Amino acid sequence: MANRTIRVWWKSVATGWLNFNWDPITSQSVVHISACEWKPSTTIGGKSKHRGAAQIFVKNIRPHGSNVEANGVEFFAQVEWGTPLDVVFDITVSDNPEQEHTI
């Protein structure tokens, strides 16, 4: 499988855990997530990414799925702002790891 990415326009995000279910993700998937503030615009789709003053972080990314729970990803969004913000997340899933090592 090649990398697959979905863009999720999430309204009113405050610091805390978020979950997004998406069939291509399993508990063994490699998942990367980027985040950026967004605002309404006059562009096609009516939304655009916006570099605001708030710092937004994505932490503790945990893919899940396959038999026990729905396929998807759970992650911690840290929004350093006094009120919730609209945040766009690009969620990219890759193939399972080729190898694993415990050190």
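As a reminder, the structure under discussion sits directly above these lines.
Just so you know, these numbers come straight off a predicted model, no measurement behind them.

Reading guide: rules and limits
- Residues numbered from 1 in each chain as written.
- Predicted model: local features only at pLDDT ≥ 70, side-chain atom pairs only at ≥ 80, totals over all residues.
- Heavy atoms only, no water.
- Helix = DSSP H or I, 4+ residues; strand = E, 2+ residues; numbered from the N terminus.
- Buried < 20%, exposed > 50% of the residue type's maximum accessible area, 1.4 Å probe, protein only.
- Contact = heavy atoms within 4.5 Å.
- Areas by Shrake-Rupley, 256 points an atom, 1.4 Å probe, with all protein chains shown as cover.
- Lys, Arg positive; Asp, Glu negative; His and termini not counted.
- Charge placed at Lys NZ, Arg CZ, Asp CG, Glu CD.
- Salt bridge = Lys/Arg side-chain N within 4 Å of Asp/Glu carboxyl O.

## Some remarks on the overall build of the protein chain
No. 1: When helices and strands are counted, the protein chain shows 0 helices and 7 strands.
No. 2: For the protein chain, the succession of helices and strands along the chain, N to C, is β-β-β-β-β-β-β.
No. 3: Once the C-alpha set of the protein chain is aligned to its principal axes, its extents read approximately 45 × 30 × 25 Å.
No. 4: Looking at the protein chain residue by residue over its 103 residues, the buried ones come to 34%.
No. 5: Taking all contacts inside the protein chain whose residues are at least 6 apart in sequence as the whole, residues at least 24 apart take part in 69%.
No. 6: Accessible area of the protein chain: about 6,700 Å², with a carbon and sulfur share of 49%.
No. 7: Placing the 9 positive and 10 negative side-chain charges of the protein chain at their respective mean positions leaves the two points 11 Å apart.

## Some points on the pattern of salt bridges
No. 1: By the definition in use, this model includes 4 salt bridges.
No. 2: Residues D90 and K49 are paired through a salt bridge, measuring 3.2 Å at the closest nitrogen-oxygen approach. Taken together, the residues D90 in strand 7 (residues 85–94) and K49 in strand 4 (residues 47–50) connect sequence positions 41 residues apart.
No. 3: You can call D90 buried: its relative accessible area is 12%.
No. 4: E69 is paired through a salt bridge with R62; the nearest N and O atoms lie 3.3 Å apart.
No. 5: The network of salt bridges with shared partners includes R7, K49 and D90.

Any functional reading would require information that these geometric values do not contain.
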